[in-house]
Amino acid sequence: MSLIEKLQKRAAIKNFDATKKLSKAQLDELISAVQLAPSSLGLQAYRILVVEDAEIREKLREASHGQAQLTQSSQVFVFAIEKELDKDYGNKYLDLIAKTRGIGREHLAGFEQMVQGTISSLTEEQKINWSTKQAYIALGVLLTAAAEMDIDACPMEGFDAGKYDEILGLKEKGLSAVVIAPVGYRSDEDVYSKMQKVRRPIDELFIHI
């Protein structure tokens, strides 16, 4: 199947088959795909928790209005933004660039001004909004990679972020949950995946200039 055909098949699964799990190789490949997601300035101002623990997932389900995907799926990806996006965070990122590319930090002087200048120019609210947008880009990569690998997923915003932060100990890590995505395999009983996908026609959705 082509990517377009797989995206046609993709659906936000509400009912997963709890007996079917991702293999370690599949999970590792999915994680690697999300690691490569584009991010503004490359900062990746978020962390991604991959939750498998049954007891924790039961608590997350309670904090998600009882939605079954939390316990039926193979894993739950939780995207949590960095709440301490500051000069130190920027410096760690610049150190990583220098180490990865085998160059001295002095060669990054111009880029350092851009990174640190951007971070320092944003208010705390702007940092949260910016980091959240970057997390959603990573979510998009997860959904597309999963579809390509014939793995089902369900992007979800219907949860109590405060309770997630508490259950997962995110506040202590300087993080806050913004969006989640259970992954696994659809159940034969999932109704929505059997419905024809409805999208605006291309000539209405796209404007060519």
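Above this note sits the structure.
If you're wondering where the values come from, they're calculated on a predicted model, not measured in any experiment.

Definitions and cut-offs
- Residues numbered from 1 in each chain as written.
- Predicted model: local features only at pLDDT ≥ 70, side-chain atom pairs only at ≥ 80, totals over all residues.
- Heavy atoms only, no water.
- Patch = residues over 30% accessible without salt bridge, like charges linked within 9 Å, V, L, I, M, F, W, Y side chains within 5 Å.
- Areas by Shrake-Rupley, 256 points an atom, 1.4 Å probe, with all protein chains shown as cover.
- Salt bridge = Lys/Arg side-chain N within 4 Å of Asp/Glu carboxyl O.
- Helix = DSSP H or I, 4+ residues; strand = E, 2+ residues; numbered from the N terminus.
- Axes fitted to C-alpha atoms, helices over the stretch in contact; angles between N-to-C directions.
- Parallel < 35°, antiparallel > 145°, perpendicular 65-115°, else oblique.
- Left-handed = near helix turned anticlockwise from the far one by under 90°.
- Contact = heavy atoms within 4.5 Å.
- Pairing = 2+ DSSP bridges.
- Core = buried A, V, L, I, M, F, W, Y, C linked by side-chain atoms within 4.5 Å.
- Buried < 20%, exposed > 50% of the residue type's maximum accessible area, 1.4 Å probe, protein only.

Description of a nonpolar patch on the surface
Part 1 of the argument: On the surface, a cluster of nonpolar side chains totalling about 330 Å² of accessible area is made up of Val191, Tyr192 and Met195.
Part 2 of the argument: Along the chain, tyrosine 192 falls in the loop between β4 (175-184) and α9 (202-205).

Quick word on the packing of helix α5 (residues 87-101) against helix α6 (residues 109-121)
Part 1 of the argument: It is the contact of α5 with α6, at a shortest axis distance of 9 Å, that shows an interaxial angle of 155 degrees. In terms of orientation, α5 lies roughly antiparallel with respect to α6. Crossing of α5 against α6: the hand is right-handed. Contact residues: α5 offers Lys87, Gly90, Asn91, Tyr93, Leu94 and Ile97, while α6 offers Phe111, Glu112, Val115, Gln116 and Ile119.

Some words on the sheet that holds strand β1 (residues 46-51)
Part 1 of the argument: Reading across from one edge, β1-β2-β4-β3 is the order of the four strands in this open sheet, with antiparallel pairing throughout. Both edges of this open sheet fall to β1 and β3 (152-153), since each of them pairs with a single strand only.
Part 2 of the argument: Relative to β4, strand β2 (residues 75-82) runs antiparallel, the two sharing eight bridges. Within the sheet, the bridge partner assigned to glutamine 75 lies in β4 and is valine 183.
Part 3 of the argument: This element, helix α7 (residues 124-148), spans β1, β2, β3 and β4 of the sheet and lies at about 155 degrees to β2.

A look at the nonpolar core
Part 1 of the argument: Counting residues in each nonpolar core, the largest one holds 24 residues, and the members touching the most others are Leu30, Phe79, Leu142 and Val183.
Part 2 of the argument: When contributions to this core are tallied by element, the ones reaching two or more residues are α2 (24-35), β2, α7 and β4.
Part 3 of the argument: Considering every element that reaches this core, the biggest residue donor is α7, with seven residues.
Part 4 of the argument: Residue contacts for valine 183: discarding those within four places in its chain leaves Phe16, Leu22, Leu30, Ser73, Ser74, Gln75, Phe77, Leu142, Ile151, Asp152 and Ala153.
Part 5 of the argument: Formed by 20 residues, the second largest nonpolar core is a distinct cluster that contains Leu70, Ala80, Tyr164 and Leu168.

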